[in-house]
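# Structure assessment
Now for the letters of each chain:
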Amino acid sequence: MSPSPASFDPTPTSGADSTATATVAPKPAIRRRTFLGVGAAAFGATAIGTGTLTGLTSSSRANAAVTIPAEDRDPLNLLQRMLSFDTQNSGQGGKTRPHAEMLKAVWDRAGVDAEIIETPQPDNVHLIARIAGTGNAEPLLLLGHSDVVPVELENWSADPFSGEVRDGEVYGRGALDMKGANAASISALLRHLQEGARFDRDIIVLTDCDEEAGSFGSRWLAENHWDKINAGSVLTEGGWFLAQGDATTPMLITATRQDKVYFNLDITADGTATHSSKPMPDAAMVTLSRALADLGDWEAPVHLTDVTREYFKALAASTDDRRFTQAIRMLLSARSAKMRERAEKLVVSRSDYPYLHRALLRTTHAFVIQEAGYKENVIPSSATARLNCRAVPGGQKPREFLEQVRALLARRDVEVSIAAPEGTSEEDYLNELDRTWATPPADIDTDLFHALSGAAEATYPDAVFAPALFEAGTSLAPWRAQGIPGYGVYPYVLSNEQLIGMHGDDERIFVEALKTGTDYMYTVFERFRVG
């Protein structure tokens, strides 16, 4: 998941408008069935095109069936190969070339054109594969990053680059975020190609670098190679597939249409620098610690938007826990801020995914980096902590959150500043964040969103499907800046424990959930088949 900056200067080519408002199709009847052993089901193999388009580099001929190795069509095998490559990104990009070369060989065996895109950083590359369609609809782009966050090896019970399978779970850095999603999507497409499928549009599969951090991610790619990644819609990471209390039975299948707004605050305390043998009462580290303790006991106010209301309505309808349903309904019907706060605490206490549901309801602040001191016999003159914050679009503005934090810490003798890009004033950056905050969610009356919804009904008939807010960030900014609708899914049912492992220790997903998620992605792509 990306720590994306707030905005992107669009390139000249314009995409589809994503600002229209639409309603969700009626939900299927709620039935219950575990994901174990569930296969894919067809729900409409013929797509309705949007008319003949000009300027697209696609072919109108049928794709000849090709023999694709079984291991390439096996999502677990493909994921384990992806996990074997160490693509850790500590902030300045990763080494993604070997991973890209492996995937390019997969596409080559399937007869699909694939190109490695070099960046100014050696061995930090993008891979773009393009499955030619008939050109009757604008291209669909699958956006999946190859880089992963670093590991703290001493905290893992498995080799994070082994793809070890233990007790029905596959372990590895990126298993969830997001090599697992890439494996499911690519394996599903290869199954279609094995059958000689022809699609009504080009399908572009972008395996990008620098999503977790770095200078040469999707923004750089859009600025330098827009013609290769221009599309009518984009699918990336985001929507969670949640389970009932048993952690395996599909409950709620979501596709995200909006990301929270990413920004950072720095809390700085100053004091007297002196010899450590003579401590003084204004020690910067002590002052900072008291301020952080205040922040640790505080939460921003609850805000519900149209997007999150729709999500929590679906959650109430999907859960088997009647008390959880009642708590959600109390939240949705609350008529005052005080009632909402009380109801939110009840919702979080009843949820099997408490940290996720808390994050969807407010601006969050996480303590991520602390800096102070340089020598053990010197009391430092300053101490700083960085807070990573995520605001709900349409809820509390980042500038309002900043004002609240400053008021909360006014008595602590600390400076609270927003971490604006170099050369950008606080007010200019807040204005930029305001614009991101006001960006409408992606239109849900599109053929891609209908494909996501229909595939959920076909693959997880006992669950409820809903659009959602992503509590984190993605690489979608360049396409959103063009008005191109973008959505997100992690196509596998997860437990809360697995969700916590994202960017953490012992990251893993269920093997059977991965296989069923591949069936889900197969059914999504089936919507666009014309032969």
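Within each chain, residue numbers correspond to sequence positions counted from 1 in written order. It should be noted that, the model being predicted, local features are given only for residues of pLDDT at least 70 and side-chain atom pairs only at 80 or more, the latter also being counted only at that level, while totals for whole chains, interfaces and linings use all residues. Excluding hydrogens and water, the side-chain values take into account all heavy atoms of the structure.

So, about the overall build of the protein chain. Helix and strand counts for the protein chain stand at 16 helices and 17 strands. Note on classification: 1.4 Å probe, protein chains only; a residue is buried when its accessible area is under 20% of the maximum for its type, exposed when over 50%, partly exposed between these limits. A buried classification covers 56% of the 531 residues belonging to the protein chain. Any two residues having at least one pair of non-hydrogen atoms within 4.5 Å are treated as being in contact. Across the protein chain, the fraction of contacts at a sequence separation of at least 24, relative to all contacts at a separation of at least 6, is 82%. What counts as a helix is a DSSP run of H or I of at least four residues, what counts as a strand is a run of E of at least two, and both are numbered from the N terminus.

Attention shifts here to helix 11 (residues 398-408). Looking at helix 11, one finds that the buried residues are Pro-398, Arg-399, Phe-401, Leu-402 and Val-405. Relative to the axis of helix 11, the buried residues are bounded by an arc of 155 degrees and lie together on one face. Seen from the open side of helix 11, the exposed residues pointing more than 90 degrees away from its buried face are Glu-403 and Ala-407. Looking at the buried residues of helix 11, the elements they touch are strand 9 (261-270), helix 6 (284-296), strand 11 (364-372), strand 13 (382-391), strand 14 (414-418) and helix 12 (426-437). Starting at the helix axis, one direction is taken to each C-beta atom, and the arc is that of these directions.

Before going further, it helps to examine the environment of Ser-425. Its place among the elements puts Ser-425 in the loop between strand 14 and helix 12. Here a polar contact is recorded for every N or O atom pair within 3.5 Å, except that within protein the pair must consist of a potential hydrogen donor and a potential acceptor, and residues adjacent in sequence are included only if both atoms are side-chain atoms. A distance of 3.1 Å separates a polar atom in the side chain of Ser-425 from the backbone nitrogen of Asp-428.

Here the focus is helix 16 (residues 511-526). In this analysis, the expected span of each helix is defined as 1.5 Å times one less than the number of residues it contains. Over its 16 residues, helix 16 extends 23 Å from the first C-alpha to the last, a length consistent with the 22 Å expected when each residue adds 1.5 Å. With 14 of its 16 residues buried, helix 16 lies for the most part within the structure.

Residue position: Leu-332 is located in helix 8 (residues 322-333). In this structure the C-alpha to C-alpha distance between Leu-332 and Ala-343, which are 11 residues apart in sequence, comes to 8.7 Å. The residues touching Leu-332, leaving out its near neighbours within four places in the chain, are Leu-304, Arg-309, Phe-312 and Lys-313.

Turning our eyes to something else, we now look at the confidence of the model for the protein chain. Summing up the model confidence of the protein chain, the mean pLDDT is 90 and the portion of residues at 70 or higher is 88%. Scored from 0 to 100, pLDDT records how confident the predictor is in each individual residue. Counting contacts from residues 4-62, a segment whose pLDDT is below 50, to residues more than four positions away or on other chains yields 152 contacts.

Position of Thr-363 relative to the elements: it lies in the loop between helix 10 (354-359) and strand 11. Non-local contacts of Thr-363, meaning those with residues more than four positions away in its chain, are made with Lys-260, Phe-263, Ala-300, Arg-390, Ala-391, Val-392, Gln-396 and Phe-401.

Let's shift gears to the sheet that holds strand 13. Whether two strands pair depends on DSSP finding at least two bridges between them. Read across the sheet, 4 strands follow the order 11-13-9-14 without closing on themselves; strand pairing throughout is antiparallel. Looking at which strands have only one partner, the edges of the open sheet turn out to be strand 11 and strand 14. Along the sheet, successive strands turn relative to each other by an average axial angle of 20 degrees, direction set aside. Pairing of strand 11 with strand 13, which is carried by 8 bridges, proceeds in the antiparallel orientation. Bridging from a neighbouring strand, His-365 pairs with Cys-389 of strand 13. Seen against the sheet, helix 6 touches strand 9, strand 11, strand 13 and strand 14 and runs at an angle of roughly 20 degrees to strand 13. Strands in contact with helix 12 are strand 9 and strand 14; relative to strand 9, the strand with the most contacts, it is inclined by about 150 degrees. What counts as an axis is a line fitted to C-alpha atoms, over the stretch in contact for a helix, and the angles between N-to-C directions run from 0 to 180 degrees.

This part takes up the packing of helix 13 (residues 447-459) against helix 16. In contact at an axis separation of 8 Å, helix 13 and helix 16 are set at 135 degrees when each is read in the N-to-C sense. Considering the angle they form, helix 13 stands oblique to helix 16. Crossing geometry of helix 13 relative to helix 16 is assigned as right-handed. Contact residues: helix 13 offers Leu-448, Ala-451, Leu-452, Ala-455, Ala-456, Ala-458 and Thr-459, while helix 16 offers Thr-516, Asp-519, Tyr-520, Thr-523 and Val-524. Angles are sorted into four bins: roughly parallel if under 35 degrees, roughly antiparallel if over 145, roughly perpendicular if 65 to 115, and oblique for all others. Crossing chirality is assigned from the near helix's rotation relative to the far helix, an anticlockwise turn below a right angle marking it left-handed and a clockwise turn marking it right-handed.

One side-chain nitrogen of Lys or Arg within 4 Å of one carboxyl oxygen of Asp or Glu is enough to make a salt bridge. In this structure the tally under the stated criterion is 28 salt bridges. Glu-115 is paired through a salt bridge with Lys-228; the nearest N and O atoms lie 3.2 Å apart. One end of the pair, Glu-115, is in strand 1 (residues 113-117); the other, Lys-228, is in helix 5 (residues 218-229), and 113 residues separate them in sequence. Residue classification places Glu-115 among the partly exposed positions, given a relative accessible area of 35%. When the shortest N-O distance is used, the salt bridge between Arg-166 and Glu-164 registers 3.1 Å. Exposure remark for Arg-166: the relative accessible area of 24% places this residue in the partly exposed category. Linked by salt bridges that have partners in common, Glu-299, Glu-341, Glu-344, Arg-358 and Arg-362 make up one network.

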